[in-house]
Every structure is written in structure tokens, then in C-alpha cells.
Amino acid sequence: MTEYLAVDGGTIAYEVVGSGPLILLAHGMGDSRAAYRAVVPSLVAAGYRVAAVDLRGCGESSVGWPAWSRTAIAGDLLAVIRHLGGPAVLVGHSISGGAATIAAAQEPSLITAVVELAPFTRKQSIRLGDLRMKRFRQGMLRLLGAGVFGSVPLWRSYLDVAYPGVKPAGWAERLGLIDSLLREPGRMKAMQGMGRCAPTDAGAQLAGVRCPVLVMMGTLDPDWADPYAEGSAIVEALPAGLGRLEMIEGAGHYPHDQFPDQVVSLMLSFLRSDVARA
């Protein structure tokens, strides 16, 4: 059942299932909490209370927010955790991976661990040689085109590259939901607003994180010429010993949707080892 929380002049939609320690799941731009549909049941079965949120401007959350930065998103996520009675393990994908970093640095008492899935957490730079890689070139051009022109077809074209190989179960329905949501008034503008926000605010907070962090990257993620190098750089920017990088072979920018069982397995191992020792 969808619930709503008033935050910063808007409304954040979320859904909670299960009982036990709290895990909060936050999706990437242009998406909704449905991105975690294959992950939630396994986490609940493992004994967790799982809350999946729609970011500001996305899904069933309201539109017309004053800001789209990772810092603003982090404030929303912290508000939901306080409302639900934290602390929580905070899971963020793409833009919300950076937001999770900020939330953990700002409110360490509310965040027991962070899981970042294909996160945009550092300042990005493109080298000329990167454009020689077809996967990266295709993804970047389609992603930029969708943002500049506010084009739903271009966003769907980007997703085709971002999900390399076998598509997840229910792919047609997933694309249909994304398409219909982005055509609602204000939803595409929210995605464009997020796309214009550089992740420098998140990168500045990496050294201030005090909880264990698991970074997961797909080996075929089109958003980086070298996903392993990006994930490694995030781990290296964290305080020594707090970060761990796991690569998901064959995954693109949505490892939790393409390979949910593997992602959940790595998450649970991380929570039972790194977090238990913290």
C-alpha cells in the first residue's frame, strides 16, 4: 500500500513491507520504486523491513520541487527514515547512490550501512579515448539526448543500452510503466532537473562517511568507459577499510533489475559480515 510523507513542501510516496531491521531502497532518475520489484521479496524473506521510495518528482511522489540535487534527495531519504523509525541500511541507485553518501555523512546515527548501485557519486570527466568505446558512446549520446530534448523515446533507447543482453522478467510491463510515468506532467522535467545536477556535492562527502559501504557496478554499464575504475575510485575516496567493490558480470546500469538474486546475495553477505563487525 502506498503511503505519503510531506517533505520540503512536497510529498514523497513510499511503500513498506516486512518486519525487522529497516532497509530503504531509492531508485535512479527517470524511474520509480518499481525498479526494486524483484529485490524486495528476497530482502523481506531474509528478515528485513523494506521501504521503497519514489524520489521527488518520480513515481507517485509530487512534482514541482524547488531543487533536484543529491543533497535535496538525501534530505528526503533521511526524512523517510526518521518517520519510519531508523536507523536504516540505505540503498541508492545512480543519482540516489550519491544521495545515500550525503545522507550517511550528514546523519551517521540514522544510517548503519550504505549500498550504492552504479552510483553517480563523484565529479565526472570524459577522456577523448572513452568515446572510442561503442557501449559508452551509445549510452552517453542517448542519455544526453533524452535530457536535452525531454524525449521519452530517447530515454527508452538509452534503457536498451543500459540493459545489455537478457532483459529481466516483465520487461514489456516495466518499459510501459516508465513510459507512462514520464509522460505525466512534470515527470520529465524532474528527470531533466536531476540530470543537470553534478555529483560534486556527493563526492565532497565521501571522506565524511562513517559506516560500511558496498559499491556494486555492472561490467557492461554504459554510463562509464571503465565501470571498475569508477567503483574503485569511490571506494578509495572513502575512509580506509569502509568500502567494498563488487562487480556484476554482464550487468549494465541496473544490476538490481537484471540480476536481482546476485545483488541480494551480495547485499546480505555484506550486511552479515562488514556491517556486523562495524
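Use the structure listed above.
What counts and how
- Residues numbered from 1 in each chain as written.
- Predicted model: local features only at pLDDT ≥ 70, side-chain atom pairs only at ≥ 80, totals over all residues.
- Heavy atoms only, no water.
- 1 Å grid on protein atoms, 1.4 Å probe; cavity = no way out; pocket = protein on both sides within 12 Å on 5 of 7 lines; lining within 4 Å.
- Points joined across faces, edges and corners; volume = space filled by probe spheres on them.
- Helix = DSSP H or I, 4+ residues; strand = E, 2+ residues; numbered from the N terminus.
- Nonpolar A, V, L, I, M, F, W, Y, C, P; charged D, E, K, R; others polar.
- Buried < 20%, exposed > 50% of the residue type's maximum accessible area, 1.4 Å probe, protein only.
- Arc of directions from axis to C-beta.
- Polar contact = N/O pair within 3.5 Å; in protein donor to acceptor, adjacent residues only side chain to side chain.
- Contact = heavy atoms within 4.5 Å.
- Axes fitted to C-alpha atoms, helices over the stretch in contact; angles between N-to-C directions.
- Parallel < 35°, antiparallel > 145°, perpendicular 65-115°, else oblique.
- Left-handed = near helix turned anticlockwise from the far one by under 90°.
- Phe/Tyr/Trp six-rings, centres within 6.5 Å; stacked < 30°, edge-to-face > 60°.
- Pairing = 2+ DSSP bridges.

K.L.:
Explain the layout of surface pockets to me, please; I cannot follow it from the model alone.
P.N.:
Here the idea is plain: a probe the size of a water molecule rolls over the atoms and shows the empty space left. Approximately 980 Å³ is the volume found for the largest pocket. Surrounding the largest pocket, 40 residues form its lining, Phe120, Gln124, Leu143, Asp223 and Trp224 being those nearest its centre. For the lining of the largest pocket, the secondary structure elements donating two or more residues are helix H4 (134-149), helix H5 (152-162), helix H7 (187-195) and helix H9 (227-237). Looking at the lining of the largest pocket, the element that brings in the most residues is H4, giving seven residues. Residue composition of the lining of the largest pocket, by class: 21 nonpolar, ten polar and nine charged.

K.L.:
In this structure, what is going on with H5? I would like to understand it.
P.N.:
Each turn of an α-helix holds 3.6 residues, which means side chains three or four residues apart point in the same direction. The complete set of buried residues in H5 reads Val152, Trp155, Tyr158, Leu159, Val161 and Ala162. Buried residues of H5 fall within an arc of 165° about the axis and therefore sit on the same side. The residue sitting at the N-terminus of H5 and contributing the capping side-chain oxygen is Ser151; that oxygen lies 3.1 Å from the backbone nitrogen of Leu154.

K.L.:
Whenever I open this one, H7 confuses me. Can you help?
P.N.:
Of all nine residues that make up H7, seven are buried, and the element is covered over most of its length. Those residues of H7 lying buried are Arg187, Met188, Ala190, Met191, Gln192, Gly193 and Met194. Its buried side turned inward, H7 meets helix H2 (70-84), helix H3 (95-106), H4, H5 and helix H6 (171-182).

K.L.:
Looking at this structure, I do not really get the packing of H4 against H5. What am I missing?
P.N.:
Packed helices, taken two at a time, are described by the angle their axes make and the gap between the axes. Between H4 and H5, the shortest axis-to-axis distance is 8 Å and the interhelical angle comes to 155°. In terms of orientation, H4 lies roughly antiparallel with respect to H5. Handedness of the H4/H5 crossing: left-handed. From H4, Arg135, Gln138, Gly139, Arg142, Leu143, Gly145, Ala146 and Phe149 reach across to H5, where they touch Leu154, Trp155, Ser157, Tyr158 and Val161.

K.L.:
Just checking my understanding: could you explain the packing of aromatic side chains for this structure?
P.N.:
Working definition: an aromatic ring pair is given by the centre-to-centre distance plus the angle between the planes. For the structure on display, the rule yields four aromatic pairs. Look at Trp155 and Tyr158: their rings are 5.0 Å apart centre to centre, the planes differ by 35°, and that puts the pair in the tilted class. Residue Trp155 and its partner Tyr158 are both found in helix H5; the two are separated by three residues, about one turn of the helix. Overall, the relative accessible area of 1% leaves Tyr158 in the buried class. Arranged with centres 4.4 Å apart and planes meeting at 55°, the rings of Tyr163 and Trp171 form a pair that is tilted. The two residues Tyr163 and Trp171 agree in class, both being buried. Linked through ring pairs, Tyr163, Trp171 and Tyr254 together constitute an aromatic cluster.

K.L.:
Looking at this structure, how should I read the sheet that holds strand E8 (residues 243-248)?
P.N.:
Across a sheet, strands are paired by hydrogen bonds formed along the backbone, either parallel or antiparallel in direction. Strand order in the open sheet made by the eight strands is E1-E2-E4-E3-E5-E6-E7-E8, with mixed pairing throughout. The open sheet is flanked by strand E1 (3-7) and E8, the only strands paired with a single partner. Taking the axes of each pair of neighbouring strands and ignoring which way they run, one obtains an average angle of 20° across the sheet. As defined by bridge partners, strand E6 (residues 111-117) adjoins strand E7 (residues 213-218) across four bridges and the pair is classed as parallel.

K.L.:
When you look at unusual backbone geometry in this model, what are you seeing that I'm missing?
P.N.:
Residues other than glycine predominantly adopt negative phi, and peptide bonds predominantly adopt the trans conformation. The linkage connecting Gly86 with the following residue, Pro87, adopts the cis geometry, with an omega of 10°. Relative to the elements of secondary structure, Pro87 occurs in the loop between H2 and strand E5 (88-93). One non-glycine residue, Asp8, lies in positive phi territory at about 55°. Within the secondary structure, Asp8 is located in the loop between E1 and strand E2 (10-17). Phi at Ser94 is positive, roughly 55°, even though this residue is not glycine. Relative to the helices and strands, Ser94 is located in the loop between E5 and H3. Residue class for Ser94 comes out buried when judged on its relative accessible area of 8%.

Keep in mind these values describe shape, not function.
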